[in-house]
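Fold and geometry: a report
Next come the chains, spelled out residue by residue.
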Amino acid sequence: MDLLKGYADEDEDMKPSEEESSDPSNPSGHGGAAAAAAEAPSSPESGSSSSPPRLSLGSKSSAPSVDETALALTAAGSARSAHRPLDPTQHAVGFNPTYDQLWAPEQKRRRLHLKSRDHDADADAGAGAGASSADAENPATDDWLLKNRKSPWSGKKEAVQGELTEDQRKYAEAHAQKKAEKEGRGEGGRGDKPELVVKSTFHGKEERDYQGRSWIAPPKDAKATNDHCYIPKRLVHTWSGHTKGVSAIRFFPKHGHLLLSASMDSKVKIWDVFNSGKCMRTYMGHSKAVRDISFSNDGSKFLSAGYDKNIQYWDTETGQVISTFSTGKIPYVVKLNPDEDKQNILLAGMSDKKIVQWDMNSGQITQEYDQHLGAVNTITFVDNNRRFVTSSDDKSLRVWEFGIPVVIKYISEPHMHSMPSISLHPNSNWLAAQSLDNQILIYSTKERFQLNKKKRFAGHIAAGYACQVNFSPDGRFVISGDGEGKCWFWDWKSCKVFRTLKCHDGVCIGCEWHPLEQSKVATCGWDGMIKYWD
């Protein structure tokens, strides 16, 4: 019992010292507890059997201090944003919006946003300067977005235009003067195309003679004197009127008293062959170089195809354009159906791999032959005009039934080259094809369209040029131009070179044998000249 009483007395003595140590107002802190512990052994009431004194230490946290005001404002702002509709003009969203917020109708969204914004303004009015500054510093709030929103052009300062230097002023004046001159000539800007005026000029003395005959009428005495053809030896006439290279020449059908020429100067000219040897008429209907020309059967009309993507159908006598055809692609070759009852059917090989067929009476496209894999270069009618053969940049030959867009024969071998010119033999049994590996190949026009391996004409350099190949009217000679300005003559039976004539400076691109005068040949070249040989 005495022992229990001693413990009780000791507890009563310890209480004041614990209160002192835990009292925050006591500046001594842990020092008071230490003093009480020092005095405990000298207490008269505690005996030698008393237990050691207890030490009481104050609690201390190692966590950093937290600004609870900003935390509370952030939480409140997030809670508000979670229920507020999205502003459609807002560029960034600082929280994860709900499905309903994203898909709210725009008018309702705007209305709710305005109402919510007004409500927020009223609620935040009493928050004081501290709260608004806290919102502006918090990236989750609209205030921060408005304060930190950057224009895409921010940081780019507009340079202030100073005085022009002397060189700049001179350049500006010269540019303005050039522009004024262009507008004065009627030339538009880069996007404006000058309006093409189609016109024709007659250069002869009179369009009709004293008997009322047209200037294109063939002379009555124009007849073949001999069926046997001879190789020409000398130059007898030169026609020079084109300002750029001549790309094609065609004699007037059956009589040859006129010669039609197409040039890269965008003009077509027709020349007198028998009498004066002068230019009779110029046809100006293209804005770019003329690629191909083709007469109708009677010569009263002809076609011209230009790099301006137009095909013009001309009246030879009057120089009027009867009609114009275009698909928006460049026509490389134009042909009329040779049948007398189909002279209104036009075929054109285009740069977009198609052969397009027009009915010129209606102006409608009646058929498209679309099988080639490259631009179409030639169209040649065979088999009494029931079929036609086409060649292309895809290095193949294709045979078609007229009017049916299905290939009936496809000729393509690994060793074949592109064939930019094909001509039909006068007996209609053979085709001569100018191959770009410097040789002329012969194909049969019968059912199988086989290559005749026994006949091959070579020696000329035509690689890279669409030099025209042709036959003499009796079929005994093959002629072709070449890239060096020469005209080559081969014997049909022996395939040997008969003669070469140096005709032009540069490329000799076209050659035509006169249909009636057996020893006369016309050639044209990129030097702008047309020459007549006898």
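Scroll up a little and you will see the structure.
A short tour of the structure in this document, coming up. (Residues numbered from 1 in each chain as written. Predicted model: local features only at pLDDT ≥ 70, side-chain atom pairs only at ≥ 80, totals over all residues. Heavy atoms only, no water.)

1. Regarding the packing of aromatic side chains
Counted according to the given criterion, the structure contains 24 aromatic pairs. Residues phenylalanine 202 and tryptophan 215 carry aromatic rings whose centres are separated by 5.5 Å and whose planes lie at 50° to one another, so their mutual orientation is tilted. On the criterion of sequence distance, the pair formed by phenylalanine 202 in strand β1 (residues 199–202) and tryptophan 215 in the loop between β1 and β2 (235–240) is long-range, its members being 13 residues apart. Using a relative accessible area of 10% as the deciding quantity, one classes tryptophan 215 as buried. With a centroid separation of 5.9 Å and an interplanar angle of 20°, the aromatic rings of phenylalanine 457 and tryptophan 492 are classed as stacked. One end of the pair, phenylalanine 457, is in strand β22 (residues 451–458); the other, tryptophan 492, is in the loop between β25 (486–491) and β26 (497–502), and 35 residues separate them in sequence. Overall, the relative accessible area of 10% leaves tryptophan 492 in the buried class. (Phe/Tyr/Trp six-rings, centres within 6.5 Å; stacked < 30°, edge-to-face > 60°. Helix = DSSP H or I, 4+ residues; strand = E, 2+ residues; numbered from the N terminus. Buried < 20%, exposed > 50% of the residue type's maximum accessible area, 1.4 Å probe, protein only.)

2. Description of the nonpolar core
Within the largest apolar cluster, 17 residues are counted, with the highest numbers of intra-cluster contacts made by Trp215, Leu260, Ile270 and Tyr283. Among the secondary structure elements, those contributing two or more residues to this core are β4 (258–263), β5 (268–272), β6 (279–284) and β7 (290–295). Setting aside chain neighbours within four positions, we find tyrosine 283 in contact with Lys199, Ser200, Trp215, Leu260, Lys267, Val268, Ile270, Phe302, Trp314, Asp315, Thr316 and Gly319. The next biggest cluster of nonpolar side chains, apart from the first, holds 16 residues, and it includes Trp239, Val246, Leu259 and Cys279. (Core = buried A, V, L, I, M, F, W, Y, C linked by side-chain atoms within 4.5 Å. Contact = heavy atoms within 4.5 Å.)

3. With respect to the sheet that holds strand β29 (residues 529–533)
Here we have 4 strands laid out as an open sheet, ordered β2-β29-β28-β27, and antiparallel in their pairing. With one partner strand each, in any of the chains shown, β2 and β27 (508–513) form the two edges of the open sheet. Pairwise comparison of adjacent strand axes, ignoring direction, gives a mean angle of 20° for this sheet. Here 5 bridges tie β2 to β29, and the two strands are oriented antiparallel to one another. The residue of β29 that forms the bridge with serine 240 is methionine 529. (Pairing = 2+ DSSP bridges. Axes fitted to C-alpha atoms, helices over the stretch in contact; angles between N-to-C directions.)

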